Protein chains: 2
Amino acid sequence: MRVLIIGGGGFIGQKIAKALAEKGTLNGKQITHLELADITAPPTVVAPFGVSHHAVDISDKAKCDALFQCQPDVVFHLAAIVSGQAEAEFDTGMRVNLAGTLNVFEAARALGTKPVVVFSSSCAVYGGEIPDQIEDWTTLNPQTSYGAQKAIGELLCTDYSRKGFIDGRAPRLPTITIRPGKPNAAASSFMSSIFREPLQGQTAVCPVQPDYAVWYLSPRKVVENLIKCAEIPAEKFGENRAFALPGRVATIGEMVEAMRKVAGDEPVNRIKWEPDPVILSIVMGWRPHINPQKALALGLTTDDSFEDNVRYFLEDDIQVPAT
Amino acid sequence: MRVLIIGGGGFIGQKIAKALAEKGTLNGKQITHLELADITAPPTVVAPFGVSHHAVDISDKAKCDALFQCQPDVVFHLAAIVSGQAEAEFDTGMRVNLAGTLNVFEAARALGTKPVVVFSSSCAVYGGEIPDQIEDWTTLNPQTSYGAQKAIGELLCTDYSRKGFIDGRAPRLPTITIRPGKPNAAASSFMSSIFREPLQGQTAVCPVQPDYAVWYLSPRKVVENLIKCAEIPAEKFGENRAFALPGRVATIGEMVEAMRKVAGDEPVNRIKWEPDPVILSIVMGWRPHINPQKALALGLTTDDSFEDNVRYFLEDDIQVPAT
């Protein structure tokens, strides 16, 4: 069992790699080799099996094809230009998120072995002209280019699976919070940084009002769910390989109060509230009220409360401030 | 006002060209030139303005860009590899329907004038895991590669419009019947040929049972609606440029009885009923129960009865049998 993680240098890719190293198996089979690929060579991971590192731009078809010479049985395709950057740099987003994803599916197809491909889609596919409560059969009307590119990836994932080229699974990730590391160009970046930075002794800016509602999931749960997505038998996915992952809805204000419960007043006082029209123009188009019936039926799960998310961050990811 | 019709050699493209020649204007502006493009140079159309003809493969980006040197104000993009062929030749469908459509949108964007682009999508985008009654907010879960490629074109059309690159409109065409001409590789080809051939004195094979239900529209109405789609103000389309065109639902048996009412028993007796598993595997995935509220609100309309469709064929398109 060879596993390839594209986007293996990102925080979810690294966490999946560590989880697989600990687990040792995937879908009941011994993992013999792990390939970590990203735009720059990903950090290594200590594992009981061989780990290789690849610096690959998936939008380069020849290099993407070459990457697949490792003949993976399971691929996690997590690489993407994130929402804020894909909105600011339309052509970069199209090149990586659309052409790059197509290259990944084509390279997987060319293996001829119908590998499992877990493609991380996003709840940014929802928006626009839809009823407020989102069901599994609600149309995708993304209001960002990132969301449109993810929605296209989903359609390709389902069609390549229907044709028997790959065995795809396209879970739509909620906003993942609390992410470790540094802020990034995702419009949702603040949904982690307003907790992470204060918990690490720094200030952070919240660009939305406290009543802004978020559909969220913890890093721990998303890793657990993505690994499960690779293990669920193909026939369970039915005619659509794309579906919303379970998550929880809470307002930013409720999430801040949950941090207060776990970590006291001090981190909460480090949040500065400064509405940002550019961020707002993107995130106000997202939808928090999602009913993930299909994912729940597949056995995927969510967090119990945002207090858990704060605790997970303190247990798994907190870094001592550099100062 | 310069108009470009891509797929201008097809029967809908030709009918739009003739309608524009008769009308002389589009959106209240005088048409000064019409450009007809197709994979082979389209037949000419008699018109009170200049008409040019282009043989262009839109999947060739450089040639597609060159076509747009005509600087169209309005583009009808009707060109596609049809459903049956796109299912049999996956890569051809991807090349023309996905890459070709992307080339068209990119060439239109490169003009910098935000041209109106009417992209003909298809009700083949519907299928799979959706409730039986299809609303404007029902998700797209196409069960053919043609449908997947059209759904991707819709997402691009909406996103390119949202970004201000083009002013796109993506109506989903019902099955168009009674089409003139000859059978083609569309899985829906029989939905015209079982009427057209018998009305022209020939036999035809019906590969489905009489109780198979179809969501249909006449050639006359689709041409009228597509031209209206180019004339409706951009702001009326809201956040999703894609929507189902109005149509009617009827079973094949009801449609045959409508032909009997208009043209008597003789054509009906020329239909041979021979179920075809390949055709069935495609068309059984299509959905006939569509509620096109958005299109109706936009002022788009449907036929009054299938008897009308038979009469339209007799008035507009019947050809004396060659024998």
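- In the annotation of an unreviewed UniProt entry, chain A is listed under the name NAD-dependent dehydratase and assigned to Acuticoccus sediminis.

1. Examining unusual backbone geometry
Residue and element names in this part refer to chain A.
Step number 1: Omega for the peptide link from Thr 177 to Ile 178 comes to 10°, which places this bond in the cis form.
Step number 2: You can see Ile 178 is positioned in the loop between strand S10 (175–176) and helix H6 (190–199).
Step number 3: Phi at Asn 27 takes a positive value of approximately 55°, unusual for a residue other than glycine.
Step number 4: Relative to the helices and strands, Asn 27 is located in the loop between strand S2 (25–26) and strand S3 (29–30).
Step number 5: Located in the positive-phi region is Lys 114, a residue other than glycine, with phi close to 55°.
Step number 6: If you trace the backbone, Lys 114 turns up in the loop between helix H4 (90–111) and strand S7 (116–119).

2. So, the sheet that holds strand S14 (residues 248–251) of chain A
Residue and element names in this part refer to chain A.
Step number 1: Pairing is mixed across the open sheet formed by three strands, whose spatial order is S10-S12-S14. Each edge of the open sheet is held by one strand with a lone partner, namely S10 and S14.
Step number 2: Note that strand S12 (residues 213–217) and S14 share four bridges and pair antiparallel. Opposite Tyr 216, over in S14, you have Arg 248 as the bridge partner.
Step number 3: Packing against the sheet, helix H8 (residues 252–263) makes contact with S12 and S14, and its axis sits at approximately 90° to S14.

3. Observations regarding the packing of helix H5 (residues 145–162) of chain A against helix H4 (residues 90–111) of chain B
Axes are the key here: two packed helices are described by the angle between their axes and the distance separating the axes.
Step number 1: As a packed pair, H5(A) and H4(B) sit with axes 13 Å apart at the nearest point and diverge in direction by 165°. Accordingly, the angle class assigned to the pair H5(A) and H4(B) is roughly antiparallel. Here H5(A) runs over H4(B); the crossing is right-handed. Contacts between H5(A) and H4(B) pair Leu156(A), Asp159(A) and Tyr160(A) from the former with Phe90(B), Met94(B) and Leu98(B) from the latter.
Step number 2: When the residues that make up the contact of H5(A) with H4(B) are grouped by side-chain class, the tally is five nonpolar, no polar and one charged.

Conventions used here
Residues numbered from 1 in each chain as written. Chains lettered and ligands numbered in written order. Predicted model: local features only at pLDDT ≥ 70, side-chain atom pairs only at ≥ 80, totals over all residues. Heavy atoms only, no water. Helix = DSSP H or I, 4+ residues; strand = E, 2+ residues; numbered from the N terminus. Pairing = 2+ DSSP bridges. Contact = heavy atoms within 4.5 Å. Axes fitted to C-alpha atoms, helices over the stretch in contact; angles between N-to-C directions. Parallel < 35°, antiparallel > 145°, perpendicular 65-115°, else oblique. Left-handed = near helix turned anticlockwise from the far one by under 90°. Nonpolar A, V, L, I, M, F, W, Y, C, P; charged D, E, K, R; others polar.

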